[in-house]
Amino acid sequence: MHEYSIVQSLVDRVEAEMRACGASAVSRVELDIGELAGVEVPLLETAFATFQERTALAGAALAIHRVPAAWRCSWCAREIARGGPLRCATCGTPARLESGDEIVLRRIEMEVPDV
Amino acid sequence: MLAGNDAMARHLREHFAEAGVLAVNLMGSPGSGKTALLEATAREAAGLRIAAVSGDLATDHDAARLRRAGITAVSITTGSACHLDADMVHHALHEVPWRAADLFFIENVGNLVCPAVYDVGQAVSVVVLSVTEGEDKPLKYPVMFRKADLVLLSKVDLLPHLQVDVGAIEDALARVMPEPRLLQVSAATGQGIQAWLDWLEARRPHAQEHAHAHAHAQEHVHP
């Protein structure tokens, strides 16, 4: 499934950051995964656990912050009720997704040896 | 985290725009009627040149059907991948004369989950939803339907035999698509196919006369 290819991208990204910073180890990685990103979080966690072992991320903790879908009217900025039609009840304008489709690497905690 | 795919998708989008080709990402459940829809489209699209790539885990049956219908098509056999990504489409472009096409269909793997996540350089995303999939289907797959520019309700010739309320489907779509657009079609009878062609025609780019100017990361040649 595509969660595996996302983990592959994550590993590549983190390893690039490690090289850029001269880090010796990664202790923690934080992701934002939106409710409407199309990513299954438990599957992503399993994929990470499977793939991290033979990489520079072995031993790193993965923290996933799930971002709920937040729809707002694109004209008057009123919140749209969850589960309701995606059109503003007041002015009829189609809603805009303010947050909730992210697949973002938010934070990496690395150990950089003292020079 | 999908920056790699997105970069390739942007590259594809530029190519399609320069060549004046309307690229359509065609998605839907297995059996929703994507291939039949394309066959019906080819039958009625007098004078339009149509090319396609057709994704499936196994067999090239869909691409073969498209070719028999007069569409220049190649298959992308994904093995175990449940979706097409930009790299796969880019690769397949070397095998199909897409530049000469007016419409280029990327017939995605039958799946309402994964294809929604991957940009393949399309100008528009179209989801085929058949009348037998349940009125609440859109509610079960909000990620896919949110990304749809158009939903084609397929197999409407079966409606007299079913207890399906199209209004309920439209209500479900309104809860996952901010600007729901639904066209009822039947590949079997041809109903709605002209309206579908009109929708596509309104979105075709004017051919660009620009030179193929942007830089490539690696040396490669497009047919």
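Structural data are supplied above this passage.
Residues numbered from 1 in each chain as written. Chains lettered and ligands numbered in written order. Predicted model: local features only at pLDDT ≥ 70, side-chain atom pairs only at ≥ 80, totals over all residues. Heavy atoms only, no water.

Q: Explain the sheet that holds strand β4 (residues 103–107) of chain B here, please?
A: To summarise the sheet geometry, strands pair through backbone hydrogen bonds and adopt either a parallel or an antiparallel arrangement. All names here are of chain B. Taken together, seven strands build an open sheet; the order of strands is β3-β2-β4-β1-β5-β6-β7 and the sheet is parallel. Each end of this open sheet is capped by a strand with a single partner; those strands are β3 (72–77) and β7 (182–184). This sheet shows a mean twist of 20 degrees between the axes of neighbouring strands, independent of strand direction. (Pairing = 2+ DSSP bridges. Helix = DSSP H or I, 4+ residues; strand = E, 2+ residues; numbered from the N terminus. Axes fitted to C-alpha atoms, helices over the stretch in contact; angles between N-to-C directions.)

Q: I tried to follow the pairing of strand β2 (residues 50–56) of chain B on my own but got confused; where do I start?
A: Along any regular strand the residues' side chains alternate between the sheet's two faces. Residues and elements named next belong to chain B. In terms of burial, β2 is a largely internal element, six of the seven residues being buried. Where β2 lies against β4, five bridges are found, and the strand directions are parallel. Bridge assignment links alanine 51 to a residue of β4, and that residue is phenylalanine 104. Pairing analysis gives six bridges linking β2 to β3, with the strands arranged parallel. Within β3, the position partnered with alanine 51 by the bridge is threonine 72. Handedness of the β2-helix α3 (residues 61–68)-β3 crossover: right-handed. (Buried < 20%, exposed > 50% of the residue type's maximum accessible area, 1.4 Å probe, protein only. Right-handed = clockwise from strand over helix to strand, strands pointing away.)

Q: Even after reading the chapter, I still don't get the packing of aromatic side chains, so can you show me in this structure?
A: For any pair of aromatic rings, the description consists of the separation of the ring centres together with the inter-plane angle of the planes. Residue and element names in this part refer to chain B. Inspection of the entire model under this criterion finds five aromatic pairs over all chains. Geometrically, the ring pair formed by phenylalanine 16 and phenylalanine 104 is tilted, given 5.5 Å between the ring centres and 35 degrees between the ring planes. Separated by 88 residues along the polypeptide, phenylalanine 16 in helix α1 (residues 3–19) and phenylalanine 104 in strand β4 bring together distant segments of the chain. In this structure, phenylalanine 16 and phenylalanine 104 share a single accessibility class: buried. Every member of this aromatic cluster is reached through a ring pair, and the members are Phe16, Trp98 and Phe104. (Phe/Tyr/Trp six-rings, centres within 6.5 Å; stacked < 30°, edge-to-face > 60°.)

Q: Just to check I follow, could you spell out the interface of chain B and chain A for this structure?
A: In many reports, interface size means the accessible area that the parts give up when they come together. The partner chain A presents 22 residues to the 17 residues of chain B that form the contact. Considering only the side of chain B, the residues that lose the most area to chain A are Met1, Arg146 and Pro178 of chain B, jointly responsible for 44% of the buried surface there. Inspection of the chain B/chain A interface yields one salt bridge. Residue aspartate 101 of chain A is joined to arginine 146 of chain B by a salt bridge in which the shortest nitrogen-to-oxygen separation is 2.9 Å. For the pair chain B and chain A, the number of links is six residue pairs in polar contact (both at pLDDT 80 or more). With three residues, helix α6 (residues 142–146) of chain B is the single largest residue contributor to the side of chain B that touches chain A. (Contact = heavy atoms within 4.5 Å. Buried area = accessible area lost by both parts, 1.4 Å probe. Salt bridge = Lys/Arg side-chain N within 4 Å of Asp/Glu carboxyl O. Polar contact = N/O pair within 3.5 Å; in protein donor to acceptor, adjacent residues only side chain to side chain.)

Q: Explain the sheet that holds strand β1 (residues 25–34) of chain A to me, please; I cannot follow it from the model alone.
A: Residue and element names in this part refer to chain A. One open sheet accounts for three strands, arranged β2-β1-β5; its pairing is mixed. In the strand order of this sheet, the two ends are held by β2 (61–67) and β5 (103–111), each with one partner. Averaged over neighbouring strand pairs, the angle between their axes works out to 15 degrees when direction is ignored. In the packing of helix α1 (residues 2–21) onto the sheet, contacts are made with β1, β2 and β5, and the angle to β5 comes to roughly 40 degrees. Each of β1 and β2 is contacted by helix α2 (residues 41–52), which is oriented at about 165 degrees to β2, the strand it contacts most.

Honestly, it's all geometry; don't read function into it.
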